[in-house]
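If you want the building blocks of each chain, they are given just below.
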Amino acid sequence: MKKPVRIAVTGPAGNIGYALLFRIASGAMLGPDQPVILQLLELPNEKAQAALRGVAMELDDCAFPLLHGTVLTDDAKVAFRDADWCLLVGAKPRGPGMERADLLKDNGKIFIAQGRAIDEVASDACRVAVVGNPCNTNCMIAAAQAKRLGPERFTAMVRLDENRGRTQLAQKAGVLVSEVQSLYIYGNHSPTMFADFTHATIGGKPAADVIGDRTWLETDFLPKVGKRGAEIIAARGSSSAASAAGALVDHVRDLSTPGAVHSVAVRSDGTYGFADGVWAGVPVRTTTAGSYEVLRGYEMSDFARGKLQATNDELTSERDTVKELLA
Ligand code: NAX
């Protein structure tokens, strides 16, 4: 039997956590022969800890053969100790009347502490995936604290946007979602991100030719993908949870699968015009488990360059807002 992989999850008693833990424990993330140990970090207040105990009871009651242990804690160093993956889902939600800058700074403090703790106690092989919003900038803040683990270990999740976009194209074309390939997300996980339909394919043909309606792609498809989270809140009364958990399963599974090509927010080195040092969504190919290379070869049209510029402007403005947290 394989050695268990230690997976730390923050915010495990929240909406996404509740949709995520059972999929990890069932083997959906790392495979049907890979045991896991879940190391779960919640806030220290009694309400959050009680909810966490309840979730852990349900995990017990599933009798997952692959779940070789569960650690419940309010201490980051306990949660991240020897962790092979740190999934940073928990974050402070935006309250009524709260400015975006305040949200950035409040969450920044959480990610400073977690970045430091990960660097101190996680396994040498540790990989980090940030989901808590604003996830690109939170990831940059956590990575800035790491001295032992390189910045390439820190990724933020734009996979939900890729999955949303692929389904929108498939439904418009009247085909199965598996027919839609090479739709990659560039930039920020926010309405400014660019779902690059210009290089996507449907059934092996350019998506724009199959759809045959450039106006729909530019003025319906892009805002639909960018604002899908708000559409779900309006319909459901709470934010995306199962789809976000599913996207995180995809993110980690594909980063663990050599050859997989997918959208991941990684530290920019200037490729596609993103500012050096921001975390921007780009297409990556997994090389060996946990490592990846950025696919740099896509030629961008003037239209696409305008979109990349807009999302880069937002990322650099977020970086400016939190610059004192990056030291
Ligand atoms: P919830 O508010 O339901 O759950 C968050 C949980 O995190 C709570 O249980 C809370 O107690 C815990 N928490 C807060 N601060 C913590 C800390 N410092 N350490 C440990 N636990 C902490 O939110 P949920 O719907 O689960 O969403 C979680 C985050 O994901 C939010 O920031 C949300 O904006 C973000 N999302 C990101 C997405 C993406 O694609 N990157 C999509 C979905 C989601 O909107």
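Because the structure is a prediction, the values reported are computed rather than measured.

Caption draft 1: Local environment of the packing of helix α4 (residues 100–121) against helix α11 (residues 302–321). In contact at an axis separation of 10 Å, α4 and α11 are set at 65° when each is read in the N-to-C sense. The handedness of the crossing between α4 and α11 is right-handed. Contact with α4, carried on its side by R100, A101, L104 and K105, involves E314, E318 and T321 of α11 and no other residues of that element. Taken together, the residues that form the contact of α4 with α11 break down as two nonpolar, one polar and four charged.

Caption draft 2: Inspection of the pattern of salt bridges at higher detail. For the coordinates displayed, the defined rule picks out 18 salt bridges. R164 serves as the salt-bridge partner of D161, at 3.7 Å between the closest nitrogen and oxygen. One end of the pair is D161 and the other is R164, both in helix α6 (residues 159–173) and three residues apart, which spans about a single turn. By relative accessible area, which is 2% here, D161 ends up buried. Each of R159, E162, D250, R253 and D254 takes part in a single network of salt bridges with overlapping partners.

Caption draft 3: A look at the packing of α6 against helix α10 (residues 242–255). At a minimum axis distance of 8 Å, the contact between α6 and α10 shows a crossing angle of 110°. By the angle between their directions, the pair α6 and α10 is classed as roughly perpendicular. Only S243, A244, A247, D250, H251, R253 and D254 of α10 make contact with α6, whose side of the interface consists of R159, L160 and N163. Across the contact of α6 with α10, the residue classes tally to three nonpolar, three polar and four charged.

Caption draft 4: Up close: the nonpolar core. Counting residues in hydrophobic clusters, the biggest one holds 101 residues, and the most contacted among them are I7, L87 and L169. With seven residues, α10 is the single largest residue contributor to this core. When residues of this core are sorted by domain, at least three fall in each of domain 1 (5–156) and domain 2 (159–321). Excluding residues that lie within four positions of it along the chain, I7 makes contacts with I24, M29, L30, V36, I37, L38, Q39, W85 and L87.

Caption draft 5: Main features of the packing of aromatic side chains. On inspection of all chains with the given rule, the structure shows nine aromatic pairs. Geometrically, the ring pair formed by Y18 and F22 is edge-to-face, given 5.5 Å between the ring centres and 70° between the ring planes. One end of the pair is Y18 and the other is F22, both in helix α1 (residues 15–26) and four residues apart, which spans about a single turn. Look at Y18 and you get partly exposed, because its relative accessible area is 42%. Given a relative accessible area of 15%, F22 falls into the buried group. Ring geometry for F197 versus F221: centroids 6.2 Å apart, planes at 85°, classification edge-to-face. Within this pair, whereas F197 is found in the loop between β9 (194–196) and β10 (201–202), its partner F221 is found in helix α8 (residues 214–226), the two being separated by 24 residues in sequence. As far as burial versus exposure is concerned, F197 and F221 are alike and both buried.

Here is what the cut-offs are and how they apply
Per chain, the residues get numbers from 1 upward, laid out in the order the sequence is written. The predicted origin of the model limits local features to residues at a pLDDT of at least 70 and limits the giving and counting of side-chain atom pairs to 80 or more, whereas totals for whole chains, interfaces and linings rest on all residues. The basis for every side-chain value is the complete set of heavy atoms in the structure, and neither hydrogens nor water enter the calculation. Working convention: axes come from line fits to C-alpha atoms, limited for helices to the stretch in contact. Angles between N-to-C directions cover 0 to 180 degrees. Helix and strand definitions follow DSSP, with helices as H or I runs of at least four residues and strands as E runs of at least two, each counted in order from the N terminus. A clockwise turn of the near helix away from the far one marks a right-handed crossing, whereas an anticlockwise turn of less than a right angle marks a left-handed crossing. By definition, residues are in contact when any of their heavy atoms lie within 4.5 Å. Ten residue types, Ala, Val, Leu, Ile, Met, Phe, Trp, Tyr, Cys and Pro, are classed as nonpolar, four, Asp, Glu, Lys and Arg, as charged, and the remainder, Gly among them, as polar. Put simply, a salt bridge is a Lys or Arg side-chain nitrogen that is within 4 Å of an Asp or Glu carboxyl oxygen. Each residue is assigned to one of three classes by its accessible area relative to the maximum for its type, calculated with a 1.4 Å probe on protein chains only: buried under 20%, partly exposed between the two thresholds, exposed over 50%. Throughout this description, any angle smaller than 35 degrees is read as roughly parallel, any larger than 145 degrees as roughly antiparallel, any in the 65 to 115 degree range as roughly perpendicular, and the remainder as oblique. Each nonpolar core is a collection of buried residues, namely Ala, Val, Leu, Ile, Met, Phe, Trp, Tyr and Cys, held together in the definition by side-chain atoms within 4.5 Å. Just so you know, the domain bounds were taken from an automatic or database domain assignment. Ring geometry is summarised as follows: Phe, Tyr and Trp rings, the Trp one being its six-membered ring, pair when their centres sit within 6.5 Å, and such pairs are stacked at plane angles under 30 degrees, edge-to-face over 60 and tilted between the two.

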